[in-house]
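This is what each chain is made of:
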Amino acid sequence: FHVMEERVHVTGFSQGSWMTWRFVCKYAEHLGSVAPIGFGAGWPKNYDAPVRINVFNNCFKGKQVDVLFAHGKLDGVVHYSGAIKTVKKIGEDWNMTNADVLVKDKGYQRVRFTNSQGTVFEFISYNWVTKRPNGVIEGHCFPGIGNYLGCGKNNPFHWGDEVVKFFLKHPLEP
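Computed from a predicted structure; not experimentally measured.

(A) The pairing of strand β5 (residues 66-72), seen in detail. Counting buried positions over the seven residues of β5 gives seven, a clear majority of the element. Burial along β5 is two-sided: Asp-66, Leu-68, Ala-70 and Gly-72 and Val-67, Phe-69 and His-71, pointing in opposite directions, are all buried.

Take a look at the structure:
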């Protein structure tokens, strides 16, 4: 298929986010970067909404990969605490000693963590919710999109655009 080996990236939403984290655990050496949204790096503790997780214990000790991770603070499907546990675990395991707040707005915050190896971990948290009649899904949504899984077209950023920009900036280094 003539794949550019330095341009292999993975993204996923919800259960696809969980799959993305599993790729980080098993195949980080093959990935340029990843962009999970809506599920932290861990095993579900329960399957009733909101799902809570136990963060992977032995996942992040190996090769590091650049990550763009997003999670809604008001997510009614997957509890936000799993995102915080994920950020903390990766911060500890990858020695992410530098933190820069890139954006702090009433609706969202974006923080970039880096370490001495040059690994980048960006975390976006947001307060936006869907406009669907059933309130369960609420913050389990994509920023910048107005369809069924979108948090709204008028968010300050569009998740898909941010993912593409991140992937372009973070190819696999030889």
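(B) Local environment of helix α1 (residues 15-27). Between its first and last C-alpha, α1 extends 18 Å over 13 residues, near the 18 Å set by a 1.5 Å rise per residue. Those residues of α1 hidden inside the fold are in contact with β1 (9-13), β2 (33-37), β5, α2 (81-93) and β8 (120-126).

(C) Structural detail: the pairing of β1. Of all five residues that make up β1, four are buried, and the element is covered over most of its length. A crossover connection joins β1 to the parallel β2 through α1; in handedness this β-α-β unit is right-handed.

(D) View of the state of the cysteines. Taken as a whole and judged by the stated rule, the model has two disulfides. Linked covalently through their sulfurs, Cys-25 and Cys-59 form a disulfide whose S-S length is 1.7 Å. Taking the sign of the S-S torsion, -100° for the link of Cys-25 and Cys-59, the bridge is left-handed. With Cys-25 in helix α1 and Cys-59 in the loop between β4 (53-55) and β5, this residue pair connects regions lying 34 residues apart in the sequence. Overall, the relative accessible area of 11% leaves Cys-59 in the buried class. In this model, Cys-141 is linked to Cys-151 through a disulfide, with the two sulfur atoms separated by 1.9 Å. Torsion about the S-S bond of the Cys-141 and Cys-151 cystine: about 95°, corresponding to right-handed handedness. Placement of Cys-141 in the loop between β8 and α3 (159-169) and of Cys-151 in the loop between β8 and α3 is noted, with a sequence separation of 10 residues between them. Take Cys-141: its relative accessible area is 0%, and that puts it in the buried class. Judged by relative accessible area, Cys-151 falls into the buried class, the value being 7%. Sequence-ordered numbering of the bonded cysteines in the protein chain yields a pairing of 1-2, 3-4.

(E) Examining the packing of aromatic side chains more closely. The final tally for this structure, using the stated rule, is 15 aromatic pairs. An angle of 55° between the planes, with centres 4.9 Å apart, marks the rings of Tyr-108 and Phe-157 as tilted. Of the two residues, Tyr-108 is situated in strand β7 (residues 108-114) and Phe-157 in the loop between β8 and α3; the sequence distance between them amounts to 49 residues. For Tyr-108, a relative accessible area of 11% translates into the label buried. Its relative accessible area of 8% is what places Phe-157 among the buried residues. Among the aromatic residues, those joined into a cluster by ring pairs are Trp-21, Phe-60, Phe-69, Tyr-80, Trp-94, Phe-113, Phe-121 and Phe-123. A cation over an aromatic ring shows up here: Arg-22 above the ring of Phe-56, its NZ or CZ 5.1 Å from the ring centre.

Reading guide: rules and limits
- Residues numbered from 1 in each chain as written.
- Predicted model: local features only at pLDDT ≥ 70, side-chain atom pairs only at ≥ 80, totals over all residues.
- Heavy atoms only, no water.
- Buried < 20%, exposed > 50% of the residue type's maximum accessible area, 1.4 Å probe, protein only.
- Helix = DSSP H or I, 4+ residues; strand = E, 2+ residues; numbered from the N terminus.
- Expected span 1.5 Å × (residues − 1).
- Contact = heavy atoms within 4.5 Å.
- Right-handed = clockwise from strand over helix to strand, strands pointing away.
- Disulfide = S-S within 2.5 Å.
- Phe/Tyr/Trp six-rings, centres within 6.5 Å; stacked < 30°, edge-to-face > 60°.
- Lys NZ or Arg CZ within 6 Å of the ring centre and 35° of its normal.

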